[in-house]
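Understanding the architecture of this molecule
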Amino acid sequence: MKYFRSLRFRIMLMLVLIGIIPTIAASWLITQSYRERAVSIRISNVKNQCDVITRSIISEEYLTGEGQSDVIDNQLSMLSNIFSGRLLIIDSSFRVVKDTYDLDTGRTSVSREVISCFETGSSATFYDNRNAYIEFTVPIMETDGQRILGVLIASVSTNEIQQTARHLENQGIFVVVMVSIFVLVGGFFLANLLVKPFTKVTRAIEDVTDGYEDKAISVPTYIETEQITDAFNQMLSRVRALDNSRQEFVSNVSHELKTPLTSMKVLADSLNGQENVPIELYQEFMSDITQEIDRENNIITDLLTMVRMDRKAAEMNFEEREIGELLEQVMKRLRPIADKRGIELIMDPYQPVLAEVDMTKLSLAFSNLIENGIKYNVDEGYVRVSLKNDNKYFYVSVADGGLGIPEDQIEHIFERFYRGDKSHSTTIEGTGLGLAITRSAIVLHRGIVKVSSKVGAGTTFMVRIPLVHEE
Ligand SMILES: Nc1ncnc2c1ncn2[C@@H]1O[C@H](COP(=O)(O)OP(=O)(O)OP(=O)(O)O)[C@@H](O)[C@H]1O
Ligand SMILES: [Mg+2]
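Keep in mind that this is a model prediction, so the values were computed, not measured.

**Some words on the overall build of the protein**
- Helices and strands together make up the secondary structure of the protein, namely 11 helices and 12 strands.
- The C-alpha radius of gyration of the protein comes to 53 Å, more than 25% above the 23 Å expected for a compact globule of 471 residues.
- Its C-alpha atoms give the protein principal-axis dimensions of roughly 165 × 55 × 35 Å.
- Per-residue burial for the protein yields a buried fraction of 39% across its 471 residues.
- Here the analysis covers contacts within the protein between residues at least 6 apart in sequence; of these, 64% occur between residues at least 24 apart.

This is the structure in structure tokens:
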């Protein structure tokens, strides 16, 4: 069953259809047209001969006189021989005057054809294909065309035509058989040849799957196979990239989780290793350890947030909200941190905008952006938030006049655990998950986030989110 769906079978089928069927049709057509033509030639020949003979019958007064004309008798038997047929002459009293087979001479013949010939005075032809003969009924009319003196019936065999036709048919069958064998054998090899590159593609893909091969595969025989392998290679490189980023993520997570633990261990060990440790040192180390615990806690919280974000839209909780208010709330929460460094948080004047959003996730996104604006800023700097909208989207921008991001880092900042510039990443705390979470939240709203930045001049994040959430 499966074979019928294979390309090999389809190719064979096609070859059979375009090779064998036309051959059968052609041989049938040839035989058929031969038969028709041969019969029509035979009919017209016999007709002519009959005309000639009826004319002689009249001129020799074969029927009117006492008429035993040898000339006519000879002509009749000659014709009978040539056409291997039987000729009958019937006079007006339906008596068979002459039968070249000498079977019915002297008898009365009142067949339908004879009667109708006497009535209409016209000749008739009847072709019996099955029994292979043609029958002619020709009136024997006086030269003035007034009186019908008799009827000539000629039954001519078409055996010979049938035989030739059958011979042609046999030859046709032979040709069809030969062509069929050729098409099937040739088709089998051709189909195999045509299908081979696809088998190659399958094998190459299997090799990759089984792990024997890790290079890009290539079967350039056809454009089609090339397209398949190209598509496969692309998919493969995506899968590999995903695999890499997964591995990287796991190793980053482990590293990030281990760092605070290592610090705590060092701190605890050094306390354990000393005798008579002054209480002040204990307190200092303990507060360091608490800080590390906080850090560990932050990382785990961020990780959990991110994993939750990854679990996609099913858990989104859309409701209509006023975005300006939402932004003001976020800023209110962050103001104490900004105040510590004298950084000004500015909200540009805005028109209220209602939009369908998941409050918690979107707040987190904007909170991360504004928090970054504060963290990577100069003392006494500013972070400016603005809100605009058109009839489809609302736009939020978070701009700071802070440190800025070097150009080569911009493409990485949304990656998980990526932390910019090593010089300040050691002094400014963070896990590098903030922007990854932000972007996930915005994408879940079917929005986009862009960044433009200049080192020493500041950074602007621009967010665009649809006002109405569509599934
Ligand atoms: N407004 C900004 N100005 C300058 N650099 C920025 C700004 N926002 C982000 N960056 C750079 O992008 C990096 C990634 O930011 P992200 O928020 O993802 O991580 P983080 O702030 O380091 O850690 P956290 O997970 O605590 O937010 C930062 O380490 C920083 O180098
Ligand atoms: Mg951050």
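The rest of the description comes next.
**Digging into the site of ligand 1**
- Lining the immediate surroundings of ligand 1 are 21 residues, of which Tyr376, Arg419, Thr431, Gly434 and Leu435 lie closest.
- Contacts to ligand 1 include glycine 420, whose backbone N or O atom sits 2.9 Å from an oxygen atom.
- Threonine 431 has a polar side-chain atom sitting 2.7 Å from an oxygen atom of ligand 1.
- In isolation ligand 1 has 600 Å² of accessible area, and contact with the protein removes 97% of it.

**Some words on the packing of aromatic side chains**
- Taken as a whole and judged by the stated rule, the model has nine aromatic pairs.
- Measuring from centroid to centroid gives 5.3 Å for phenylalanine 94 and phenylalanine 118, while their planes differ by 85°, and the two rings are edge-to-face. Of the two residues, phenylalanine 94 sits in the loop between strand S1 (85-91) and strand S2 (96-99) while phenylalanine 118 sits in helix H3 (residues 112-120), which places them 24 residues apart along the sequence.
- Taking the relative accessible area as the measure of exposure, phenylalanine 118 reaches 16% and is therefore buried.
- If you follow arginine 464 out to its NZ or CZ, it ends over the ring of tyrosine 393, 4.0 Å from the centre.

**Some thoughts on helix H2 (residues 70-82)**
- Compared with the 18 Å implied by 1.5 Å per residue over 13 residues, the 18 Å span of H2 between its first and last C-alpha is a close match.
- Along H2, the residues classified as buried are Ile72, Asp73, Leu76, Leu79 and Ser80. End-on view of H2: buried residues confined to an arc of 130°, all on one side of the axis. Facing away from the buried side of H2 by more than 90 degrees, the exposed set consists of Asp70, Asn74, Asn81 and Ile82.
- Among the structural elements, helix H1 (7-59), S1, S2 and strand S5 (148-157) are those in contact with the buried residues of H2.
- At the exit of H2 stands serine 84, carrying a positive phi of roughly 40°.

**Section: unusual backbone geometry**
- Phi at asparagine 276 takes a positive value of approximately 50°, unusual for a residue other than glycine.
- Along the chain, the position of asparagine 276 falls in the loop between helix H5 (223-272) and helix H6 (279-310).
- One non-glycine residue, arginine 446, adopts positive backbone phi at about 60°.
- Within the element layout of this structure, arginine 446 appears in the loop between helix H11 (434-444) and strand S11 (448-454).

**Re H6**
- Across its 32 residues, H6 extends 46 Å between first and last C-alpha, which sits within 8% of the 46 Å expected from 1.5 Å per residue.
- Listing the buried residues of H6 in full gives Phe285, Ile289, Glu292, Glu296, Ile299, Leu303, Thr305, Met306 and Met309.
- The inward-facing, buried residues of H6 contact H5, helix H8 (359-375) and H11.

**Overview of the nonpolar core**
- Residues Phe366, Ile370, Phe394 and Val396 are the most contacted members of the largest nonpolar core, which totals 49 residues.
- Here the element with the most residues in this core is helix H7 (residues 323-340); it accounts for seven residues.
- Looking at which domains feed residues into this core, each of domain 2 (223-308) and domain 3 (314-466) gives three or more.
- Those residues in contact with isoleucine 370, other than ones at most four positions away along the chain, are Val330, Met331, Leu334, Leu345, Val383, Val385 and Val398.
- Formed by 25 residues, the second largest nonpolar core is a distinct cluster that contains Val39, Leu76, Leu87 and Val156.

Criteria and cut-off values
- Chains are numbered independently. Their residues run from 1 in the order of the written sequence.
- Chains carry letters and ligands carry numbers; both start at the beginning, A for chains and 1 for ligands, and go up in the order they are written.
- Given that the model is predicted, a residue must reach a pLDDT of at least 70 before its local features are reported, and side-chain atom pairs must reach 80 or more before they are shown or counted; all residues, however, enter totals for whole chains, interfaces and linings.
- Note that water and hydrogens are dropped before the side-chain values are worked out from all heavy atoms of the structure.
- Strands are runs of DSSP state E lasting at least two residues, helices are runs of H or I lasting at least four, and both sets are numbered from the N terminus onward.
- Here the radius of gyration uses the C-alpha set of atoms, whereas the globule reference equals 2.2 Å times the residue count to the power 0.38.
- Each residue is placed in one exposure class: buried if its accessible area under a 1.4 Å probe, protein chains only, is under 20% of its type's maximum, exposed if it is over 50%, and partly exposed if it falls in between.
- Contact definition: two residues touch when any of their heavy atoms are within 4.5 Å.
- Here a residue is considered near a molecule or strand provided that any single heavy atom belonging to it is located within 4 Å of it.
- Under the rule applied, a polar contact is a pair of N or O atoms within 3.5 Å (in protein, one hydrogen donor and one hydrogen acceptor; residues adjacent in sequence only if both atoms are side-chain atoms).
- Surface accessibility follows the Shrake-Rupley procedure with a 1.4 Å probe radius. Residue values consider only the protein chains on display as shielding.
- The aromatic pairing rule takes the rings of Phe, Tyr and Trp, using the six-membered ring of Trp, and pairs them if the centres are within 6.5 Å, calling planes under 30 degrees apart stacked, those over 60 edge-to-face and the rest tilted.
- We call a charge positioned above a ring when the Lys NZ or Arg CZ atom is no farther than 6 Å from the ring centre and deviates by at most 35 degrees from the ring normal.
- Here the expected span of a helix is defined as 1.5 Å times the quantity of residues minus one.
- Think of it as the arc spanned by the lines of direction from the helix axis to the C-beta atoms.
- For the purposes of this section, nonpolar cores are sets of buried Ala, Val, Leu, Ile, Met, Phe, Trp, Tyr and Cys residues that join through side-chain atoms within 4.5 Å.
- As used throughout, domain bounds are those supplied by an automatic or database domain assignment.

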